[in-house]
Each structure stands twice: as C-alpha cells, then as structure tokens.
Amino acid sequence: MKAEPLNIHDKRFLINRLIEQAPVDTLVREFFKNADESACSASADNRRIEIYPTMIDDVRKLTFWNTGVGMDDKELKQATDLSSSVNKEMALDGNFGIGAKVSGLTMSREGIRYRSCKDGFVNEVVIGYDPDEGTYVRFPAELPDGSFDTVYDVSDVAREDGQATNFDWTEVVLLGQCEDHDTVAEPLGKGKSLDRSYIPSAIFRRFARFGEGVEVRVDVAMTKGGGKGETGRTRRLKTLEEVIGDLPNHERIEAPGGEITVHYIHDPKHERHSHTLSALANPATSSTTFCALVHKGERYDIKSKKAWSAAAPNFGIPFGSKVLTVEIELIDSLALPNQYRDGLTWPDDRSAMRAEDFDAYVRELMPDWVKDVIRSESPTSDDNLDDLQSDLQKLLDEFRVPTATLSPSRRKSALVTEGAAEGSDTSDPVDLDTDFPETGEDHGENHTGLDPSKSQRAKHKKVRKAPEGSKLSRSAKSLERVPEIKILTDAEEIAEKNLRGRAGRFYKDAQTLFVNGLYSASERMAVELDAELRTLGEPEVVRSAILKASRKFMAFRVGKATCYAISKRLSDDWSSDDLDRATSPESLSLAADDYKQSISQAKRYAKELIKTADVPEESAA
C-alpha cells in the first residue's frame, strides 16, 4: 500500500489565517520582487518596471507594471491561486508564489486587479475578500453578453487606455480596503498616511540590487521633490550600488572563511542641503544611512534613523551613525528567509537572525578611515575621564572578573582563539613596569630612577623585543576591562541613544557606557553645589565647574553600578538575563539618583576646578 500524502481538511480556515496573519509592511517588497523577476525575462532592451497611480472611480490606486513574459487566461487563473506561480521555480529558499498575494490581500481586501498581455491579448482577473463566502475569491464579472467569468479578455479596453499590446507585460493594481481608499497615499492601510516617497524609499532600502538591466521608474506623484499633485512624469529609481561612486568613501572587507563581508559606506549630508549625498544622487527616494543584513540582493533587519543610532554603539560606532551605513553581506547558504520574507533565519534551527549577531565582525574588521569618521563625528569635550575610569578599573579588578571578549559563534568562519593548557582562568593585575619572574635575576638595582620596589625590570640583554605591531596577548588582558564612558550633553544625541529620562545605557558587546549629562540627578546635585560655591569665583567659571563635577560624579555612580553588575558574572545564582536587568537604563538611573553619597567629593573637585581656572579674579574689575 502506498503512503497517503497529508491533505488540508479546512482549506478556507487555513487560507484566511494565512492571509490575515501576514505582515502588511512586506507588501511593497513582494509586488516589486515579482515585477523584477518578470522584467528579467524581457528582451535586454525592454526590461522595465513602472510604479504609478491608476484612477478608478476618481480614486488613486497603487499600480506595479512590468515587461516580461506575460500570462494568458489559463496561466493568469493559475497564478492567482495561493502557493502557485507561473514561469518560475517553487522553492523554500527562492521567491515562492505566496507573498505578494498574501500580503496584498491583507491590506487590499477590496481586491487586487491583475492584467497581463501575452501574444497581443490582455486578460484580467480580480481577487479579494467576499463577505458572502467568508473567504478570499476570484470575483466573477458580468460580461456585456450577460455571462459571468472570473478571467476575461480586456484587450480592447487596454488599448483604449493607451496600453501597448505589441509586447508582453503584467500590471497589478491594489484596490485597497474599500472603494474610496487611496492606496497611493496610504499603501499600508486606510488612515495610515505615509511620506510621499515611501514606495521608492522602501524599495531602495530593501533591495541592494535590481535584476540585470532592469530600469525602475516611479511617477512623480510618489517621489520626493517637485511633482506633488502631478502625475504622468517619472523619475528613475537607482540602487545604492549605482550611486556609491558619488559618495566620499566605501570599502568591502571579507571576514575569515569568506561567508561574511562587511561593507562600510560614508554617506554624509550635502553642505548646502539636508539630504544625504546618496539621496541627492537618487532623486526618487529620501534615503538615510542604515545598518542591515544583505542576502541574495535583499536587505533584512534594516535599522535606520533612531533605531540605527541606538544600535550603532554595539557595532563599534558610538558616534557617526548619521553618516555611516553598514551592510553585512552573507553568502546564500548562510541564511534562509522566513515564511513572509520579513526576516532571515539560521538554517540549522530556524531561529531569527539579526544584524547584532554579526556586530563583532563589524567592530573587528573596521578600517582606519571609518574610525577617523567616527572620531570626527564625536562631540568635542574638555572633560578628562581618565582618572574616573582608572578608579573604576581598580574597583572591577578587585572582583577578578575574567573577560568575555569572544562569545561562542555559530559559524565555522568565526575568529578562533588558540587552545591553551589547563590553568587559572584569571590573571593577576600586572603593571607594565614590574619584573619578569621567568628571568630569575636579582632585581635589586634601580633602573632609570624608578622605585626598585615597584619597577624592577630584566637586564637589557634579557629583553626580547616583539615584532612591530605586536600587542598584549588575550591571556595578558584576561581581566574584564571597565567600559569606556562617554557623557552626552546634546539633547538630540541623548534622544538618539534612547536616554531621555534615563541616566545611562550600557552596550556590553562594545563595552561602552553612555551617560546622560542632562539627567535630573545631575541637575539636582548642581543646584545644591551652586548654593554653597557660587561666591568662590567668576559666576561662569563656578557654574562650569559645578556642571563638570555633577556630571562626572554621576558618571562615576553609574559606572560603579555597571562594574558591580559585571562582577555578578562570577555568581552561579545570576543568569544572563539577571545581568542584563542589572545594567538596564532603569537600574543605572536608580544608582545615579543617589547623588548624596558623592556630593562631598563633587564639592572638592569643583573647588579644585575653580581654583585652577584660567580666569584670575583680580582681572574681573
């Protein structure tokens, strides 16, 4: 007896659930991808995609049109079934025929109209939700002779509308959620107005490349710049790769193993415009810098604007996210798209793949010119936090926390550390000017005037110089390092790092701690210090010293709380989730609020600043 394939008992329920649970924001991707694939089948001199409004009963409807092999009536009927496609191969790792219809019907229950021209004949079908049937259907249409059919010939109508029939093409019109739904202005749902250039901008962000030789044009009614309220004129939409020559710098660096390549792009704003250089070179879209995974020419987990600014420190970019774009390019076998094509998954367990899974590569492979851009974008500050960080390092060293610099990777291409013999997983704090115990020499002699009890070095003939460019081994740096502290005082930067109403945010992967210099606890301390110190000098000097002291000691309290939280890695009773909560912005804010504990130290520090200020009191007359 042969095995029996499983069937679907309630097809209507499955279809309804599949459509109604689909994400709406993949709609543009799905219809554009279908158009792009189809356009590639056209002759090399006629590979076109056009996106424009179609007027139906005086209401604008979003339309995707493309050249390429068309469909006759039978093929059009087949193509409008779910999990069915024409002229392409069905595959889990390919662009299988489910996404466009599913995401389109989620938003466009009123209907999706398909027209396709093949061999000079144009056929039409409309699919949508039928409340009488309680499911999604191909709508029957009454023909002039009184008969009904779901697929019908509209060749004469198409020619009257000015559409050519001497080559193959396909057109898709989104009718929306009701008859008066303007799907050009509100493509993701009625009442959800979006930026006029949303459609081309969404395509630009999602697609790293188009099909070979495919030209994309968008009606001015849905692009930035001039043309608002107009129609009939178009602008060409380009990919980032096509305009990258107009940008100051970019570089692709391949990680060991060849599975991952990081693409760093410098895309600053024009001196006389508010747009980035890539946006000016691509007038159809309002592009911004971003970070994303790139797989098979498409971008996933795209972070832009505030989301990119907030995540950038984990990628080694504490400042400069507004002018730097990072693409993490993956080989085809490294990832699989999920069911709705709105995210990538790891092939082994189908868990979600995120850009943060590769942030270590972005940090490790970063070229010097990118670091220069980051430094140039960093806010200027005369605060010297070296002593603060030194004090915190001593505190952290007391706990002898081993570093967690390299977390296990899921990929064979991950950077590998060399094996080591069994021994202690920590090291003693080492001053670079201490003795080398392996020499076995008598170190009583005092060299170069240093204290012999603290600075005894091997004799010159015993010193072996490492090759130029060498640095401390990982074992020599095995104790956890204190995070780099950056105090923010610009309201916009504080908002970008999601620090409004919070004292600090710790990025554990990048070992960076951002402190909100405008946090309320700092202001409260400054008010108390001002009441006691205002008469000690020039008002501006006193105020400046008070602000520096308040912010510095708030940073110390936040940093100390972070160090205590890091030390809990040694406790078996603390999970990684517990550690994350301990270093959350909310926990760090509570530590910052207890400003009374450090007000005496802040007062002494402020007095020193006032005393050493380069504004002599006698010159104030």
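Computed from a prediction, not measured in an experiment: that's the story for all the values here.

A.B. asks: Even after reading the chapter, I still don't get the overall build of the chain, so can you show me in this structure?
C.D. replies: Secondary structure summary: the chain contains 18 helices and 22 strands in total. Accessible area of the chain: about 32,900 Å², with a carbon and sulfur share of 48%.

A.B. asks: Before we go on, may I ask you to explain the nonpolar core in this structure?
C.D. replies: Most often, soluble globular proteins keep nonpolar side chains buried together rather than apart. Formed by 53 residues in total, the largest nonpolar core has its most connected members in Phe31, Phe32, Ile51 and Ile203. For this core, the leading source of residues is helix H2 (residues 27-39), giving six residues. Excluding residues within four positions of it along the chain, Ile203 makes contact with Val28, Phe32, Ile51, Phe210 and Leu237. Ranked by size, the runner-up nonpolar core spans 33 residues in total, among them Val262, Leu344, Trp346 and Met353.

A.B. asks: What am I meant to see in a negative patch on the surface here?
C.D. replies: A contiguous patch of negative charge on the surface is contributed by Asp57, Asp58, Glu110 and Glu179. A residue is classified by how much of its surface remains accessible, and Glu110, at 30% relative accessible area, is partly exposed.

A.B. asks: Which parts of the structure should I look at to understand the packing of aromatic side chains?
C.D. replies: Here the distance between the centres and the angle between the planes together describe a pair of aromatic rings. Taken as a whole and assessed by the stated rule, the structure comprises 12 aromatic pairs. On the numbers, 5.9 Å between centres and 20 degrees between planes, the contact of Phe31 with Phe64 is stacked. Taken together, the residues Phe31 in helix H2 and Phe64 in strand S2 (residues 59-67) connect sequence positions 33 residues apart. Here Phe31 matches Phe64 in class, with each residue buried.

A.B. asks: Looking at this model, I keep getting lost on the sheet that holds strand S20 (residues 484-488). Mind explaining?
C.D. replies: In a beta sheet, neighbouring strands pair by backbone hydrogen bonds and run either parallel or antiparallel. Pairing is mixed in the open sheet, where three strands are placed in the order S20-S22-S21. Whereas interior strands pair on both sides, the edge strands pair on one side only; in this sheet they are S20 and strand S21 (504-507). With direction set aside, neighbouring strand axes in the sheet form an average angle of 15 degrees. As paired strands, S20 and strand S22 (residues 512-516) are joined by five bridges and run parallel to one another.

A.B. asks: For this particular structure, what's the right way to read the side chain of Glu329?
C.D. replies: Mapped onto the fold, Glu329 is located in strand S16 (residues 324-330). Residue Glu329 is classed as buried on the basis of its relative accessible area of 18%. In this structure the side chain of Glu329 is engaged in a polar contact, spanning 3.0 Å, whose partner is the side chain of Arg252. If sequence neighbours within four positions are ignored, Glu329 has contacts with Arg252, Glu259, Ile260, Thr261, His263 and Val294.

A.B. asks: What am I meant to see in the sheet that holds strand S17 (residues 336-337) here?
C.D. replies: Spatial ordering of the open sheet is given by S17-S18-S19, a layout of three strands whose pairing is antiparallel. Each end of this open sheet is capped by a strand with a single partner; those strands are S17 and strand S19 (352-353). Two strands pair when backbone bridges link them, and S17 and strand S18 (residues 344-345) are joined in this way by two bridges, in the antiparallel orientation. If you follow Pro337 over to S18, its bridge partner there is Leu344.

A.B. asks: How should I be thinking about unusual backbone geometry in this particular structure?
C.D. replies: Outside of glycine, negative phi angles account for most residues, and trans bonds account for most peptide bonds. At Asp301, a residue that is not glycine, the phi angle is positive and equals roughly 50 degrees. Within the secondary structure layout, Asp301 lies in strand S15 (residues 298-304). One non-glycine residue, Lys305, lies in the positive phi region at around 50 degrees. Residue position: Lys305 is located in helix H9 (residues 305-311).

A.B. asks: Would you mind showing me how to read helix H4 (residues 99-107) here?
C.D. replies: An α-helical segment advances 3.6 residues per turn. Residues three or four places apart therefore align on the same side. With nine of nine residues buried, H4 lies mostly within the body of the structure. All of the buried residues along H4 are Gly99, Ala100, Lys101, Val102, Ser103, Gly104, Leu105, Thr106 and Met107.

A.B. asks: Help me out: how do you make sense of the environment of Glu50 in this one?
C.D. replies: Among the secondary structure elements, Glu50 is positioned in strand S1 (residues 48-56). Note on Glu50: relative accessible area 24%, which makes it partly exposed. Along the sequence, Glu50 and Asp219 sit 169 residues apart, while their C-alpha atoms lie 7.8 Å from each other. Apart from the residues lying within four places of it in its own chain, the contact partners of Glu50 are Thr63, Phe64, Trp65 and Arg217. Looking at Glu50, its side chain comes within polar contact range of the side chain of Arg48, at 3.1 Å.

A.B. asks: I would appreciate a short explanation of the confidence of the model for the chain in the present structure.
C.D. replies: Low pLDDT means the predicted coordinates in that region are not meant to be read closely. With 83% of its residues at a pLDDT of 70 or more, the chain shows a mean pLDDT of 83. Low confidence marks residues 473-478, where pLDDT is under 50. Its contacts with residues over four positions away, or in another chain, come to 11 contacts. Considering only residues more than four positions removed or in separate chains, one finds that residues 617-621, a stretch of pLDDT under 50, has three contacts.

Procedures and definitions
Residues numbered from 1 in each chain as written. Predicted model: local features only at pLDDT ≥ 70, side-chain atom pairs only at ≥ 80, totals over all residues. Heavy atoms only, no water. Helix = DSSP H or I, 4+ residues; strand = E, 2+ residues; numbered from the N terminus. Areas by Shrake-Rupley, 256 points an atom, 1.4 Å probe, with all protein chains shown as cover. Core = buried A, V, L, I, M, F, W, Y, C linked by side-chain atoms within 4.5 Å. Buried < 20%, exposed > 50% of the residue type's maximum accessible area, 1.4 Å probe, protein only. Contact = heavy atoms within 4.5 Å. Patch = residues over 30% accessible without salt bridge, like charges linked within 9 Å, V, L, I, M, F, W, Y side chains within 5 Å. Salt bridge = Lys/Arg side-chain N within 4 Å of Asp/Glu carboxyl O. Lys, Arg positive; Asp, Glu negative; His and termini not counted. Charge placed at Lys NZ, Arg CZ, Asp CG, Glu CD. Phe/Tyr/Trp six-rings, centres within 6.5 Å; stacked < 30°, edge-to-face > 60°. Pairing = 2+ DSSP bridges. Axes fitted to C-alpha atoms, helices over the stretch in contact; angles between N-to-C directions. Polar contact = N/O pair within 3.5 Å; in protein donor to acceptor, adjacent residues only side chain to side chain. pLDDT = per-residue confidence, 0-100.

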